[in-house]
Amino acid sequence: LNSLINEEKMKIFTSESGSIGRVSSKFAWLCDSLKNERERGISIEVSTRALTTNKNLIAFVDCPGYSNFFKTACSGFVNANAAVLVISNERGCLEIALTQGSIVLQQAFYAYCIGVRHFIVALNQIDIAPLNENDYLTTSKRIKDTLTKLLGVAPFVDIIPISGWLGLNLMCETDELKWFYKLRTNDAPKTLIQAIDEVGATPTILQQQQTRVVIDKVYRANSKIIAQGRVISGKLNLNQQVILANNQIKTSVESMQVWQNDRTQANLGEHVGIKLKNVLEKQILPGTIIYSIDSPLAKPAIEFTAKIINLSKFLIRVRFSSTFICHACSTEIKIVGIQKIIDRTTETTLESNPKSIRKNQTAIVTIRPIESIAIETFISFAQLGQFILHSSRQMRAVGTIISIKYPEPTKNAPKIKNLGTKK
């Protein structure tokens, strides 16, 4: 956030946050720019900022932590290669954070289900609750064991002690943590910025694939409709002919910006703002996927078969309705059929045509979305084929897409709208 942090801005933030009794939130105001966020002291919208390091230009995505804004947070998770979990080392706070059902563990689980596999734990407030080597090793083991139990697998977790308030171990090494640096091998990151720099980049194999851009936000700027998203495969070029998978609209890229700089090309992994030719605001919504014009995958799904795991104590039956969250898409779905209960490990059939799915059972189901959505199978593109079912402010199930049913072409079917050449 180098370009955002300067002495003049921090003086303004300190004064304004102090005037409403929230001086401790002055650093949060770098990302929390809405009036409602600053008054309430919480993040409500996903905000993206550029973080420049010695190695990379990184997109820093600040996501809401409260369950009320769960769907909003998921639209941020889909853009992440790694998640930074900030946990206080102060006595009592650490115990709460690692308690089953805590906000921290919920967010970690949601991020994992969306596709995040790399976690960095920033062990904060070491200025208030000093650490020593034994405390660090004990706490690290506890955090890793908790995440392994929560996720069912041992994810990559790097634990870095910091003080966000004093800036200790964020960018530079500090004398207070000499014992910590001795524990690290030569290649292991020692500061938080080094740990972020070590996050693996998007696999280069995706560069050779067709263009896929997942739109997570649509807004107006100078009377123009701007679609904001991330290039998750291939690359996007200026004037390129593209198709919106959700509604089959063909158009072209009129202009694009990456971090407010005009570009003629957006590469794999970059966050881009796009102006599409002759496309209205109601025609492109968060969750839309932009494909290359000739992509055979650019079709809306009307029904799909999926493998789901029931995570709640409530039964899941046919006609069960829920919010379906996949990449940046959020829509209502209905389960129209339960084919069988299977063993999670061997996938052998345990029960055919069951009436319900109990807690921790894995099942093959047929799902029908209320409106057309753009998705892919988990095998073809994992990021677009894994989802969460959310209802009554809690996660009900997670799943992966096995197969997709597309609308059958008919003689009387409307032609695909081509807006790219309209004047």
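This report concerns the structure included in the present document.

### Observations concerning the overall build of the protein
Now for step 1: Helix and strand counts for the protein stand at eight helices and 23 strands.
Now for step 2: Taking 22 Å as the expected radius of gyration for a compact globule of 423 residues, we find that the protein reaches 23 Å, a close match to that expectation.
Now for step 3: With respect to the three principal axes, the spread of C-alpha positions in the protein is 75 × 60 × 45 Å.
Now for step 4: Taken over 423 residues, the protein has a buried fraction of 49%.
Now for step 5: Contacts spanning at least 24 positions in sequence make up 65% of the contacts within the protein whose residues lie at least 6 apart.
Now for step 6: Carbon together with sulfur atoms contributes 50% to the accessible area of the protein, which is approximately 22,000 Å² in total.

### Points about unusual backbone geometry
Now for step 1: Even without glycine at this site, R319 takes up a positive phi of about 80 degrees.
Now for step 2: In this structure, R319 sits in the loop between strand 16 (316-317) and strand 17 (321-326).
Now for step 3: The backbone of E347 shows a phi angle near 65 degrees, a positive value even though the residue is not glycine.
Now for step 4: Positionally, E347 belongs in the loop between strand 18 (329-342) and strand 19 (349-352).
Now for step 5: When its relative accessible area of 44% is taken as the criterion, E347 is described as partly exposed.

### Points about helix 6 (residues 133-151)
Now for step 1: Over its 19 residues, helix 6 extends 27 Å from the first C-alpha to the last, a length consistent with the 27 Å expected when each residue adds 1.5 Å.
Now for step 2: Taken residue by residue, helix 6 has Y136, T139, S140, I143, T146, L147 and L151 as its buried positions. Each buried residue of helix 6 sits inside an arc of 135 degrees when the element is viewed along its axis, so together they form one side. Those residues of helix 6 that are exposed and aimed more than 90 degrees away from the buried face are N134, T138, K141 and K149.
Now for step 3: Where the residues of helix 6 are buried, they touch helix 4 (93-97), helix 5 (103-114), strand 4 (118-124), strand 5 (156-161) and helix 7 (178-183).
Now for step 4: The N-cap of helix 6, judged by a side-chain oxygen 3.2 Å from the amide nitrogen of N134 a few residues on, is N132.
Now for step 5: Looking one or two residues past helix 6, G152 carries a phi angle of roughly 85 degrees, positive in sign.

### Examining the sheet that holds strand 3 (residues 83-88)
Now for step 1: Here three strands make up an open sheet; going across it, the order is 3-4-5 and the pairing parallel. Bordering the open sheet on either side are strand 3 and strand 5, each of which pairs with just one other strand. Across the sheet, the mean angle separating the axes of adjacent strands is 25 degrees when strand polarity is ignored.
Now for step 2: One ladder, built from six bridges, connects strand 3 with strand 4; its direction is parallel. Across the sheet, residue V86 finds its bridge partner in strand 4, namely A122.

### Focus: the pairing of strand 14 (residues 289-292)
Now for step 1: Two elements, strand 6 (residues 212-221) and strand 14, share three bridges in a ladder whose sense is antiparallel. Among the inter-strand pairings, R212 is bridged to a residue of strand 14, identified as Y291.
Now for step 2: Across three bridges, the pairing between strand 9 (residues 241-244) and strand 14 is antiparallel. Residue V242 lies in a different strand from strand 14, and its bridge partner there is S292.

### A word on empty space enclosed by the protein
Now for step 1: Per the stated rule, a full pass over the model turns up one cavity of 30 Å³ or more.
Now for step 2: The space that makes up the largest cavity amounts to roughly 40 Å³.
Now for step 3: Lining the largest cavity are I225, I226, A227, I274, L276, V279 and I284.
Now for step 4: Elements that contribute at least two residues to the lining of the largest cavity include exactly strand 7 (224-233) and strand 13 (271-276).
Now for step 5: If you tally residues by element for the lining of the largest cavity, the top one is strand 7, at three residues.

### Side note on helix 1 (residues 7-19)
Along an α-helix, residues three or four apart share an orientation, since each turn contains 3.6 residues.
Now for step 1: Over its 13 residues, helix 1 extends 18 Å from the first C-alpha to the last, a length consistent with the 18 Å expected when each residue adds 1.5 Å.
Now for step 2: Residues M10, F13 and S17 constitute the buried set of helix 1. Buried residues of helix 1, seen end-on, are gathered within an arc of 60 degrees and therefore sit on one face of the element. In helix 1, the exposed positions angled more than 90 degrees off the buried face are occupied by E7, E8, K11 and S19.
Now for step 3: Where helix 1 ends, the next residue or the one after it, G21, has phi of about 75 degrees, a positive value.

### A look at the pairing of strand 18
Now for step 1: Two strands pair when backbone bridges link them, and strand 17 and strand 18 are joined in this way by six bridges, in the antiparallel orientation. Residue S322 lies in a different strand from strand 18, and its bridge partner there is I333.
Now for step 2: Linking strand 17 to strand 18, which pair antiparallel, is a turn of two residues; within it H327 sits at a positive phi near 45 degrees.
Now for step 3: Here three bridges tie strand 18 to strand 19, and the two strands are oriented antiparallel to one another. Each bridged residue has a counterpart across the sheet, and for K340 the counterpart in strand 19 is S352.
Now for step 4: Hairpin remark: strand 18 followed by strand 19, antiparallel, with six residues in the connecting loop; positive phi at E347, about 65 degrees.

So, how was this worked out
Residues numbered from 1 in each chain as written. Predicted model: local features only at pLDDT ≥ 70, side-chain atom pairs only at ≥ 80, totals over all residues. Heavy atoms only, no water. Helix = DSSP H or I, 4+ residues; strand = E, 2+ residues; numbered from the N terminus. Rg over C-alpha atoms; globule rule 2.2 N^0.38 Å. Buried < 20%, exposed > 50% of the residue type's maximum accessible area, 1.4 Å probe, protein only. Contact = heavy atoms within 4.5 Å. Areas by Shrake-Rupley, 256 points an atom, 1.4 Å probe, with all protein chains shown as cover. Expected span 1.5 Å × (residues − 1). Arc of directions from axis to C-beta. Polar contact = N/O pair within 3.5 Å; in protein donor to acceptor, adjacent residues only side chain to side chain. Pairing = 2+ DSSP bridges. Axes fitted to C-alpha atoms, helices over the stretch in contact; angles between N-to-C directions. 1 Å grid on protein atoms, 1.4 Å probe; cavity = no way out; pocket = protein on both sides within 12 Å on 5 of 7 lines; lining within 4 Å. Points joined across faces, edges and corners; volume = space filled by probe spheres on them.

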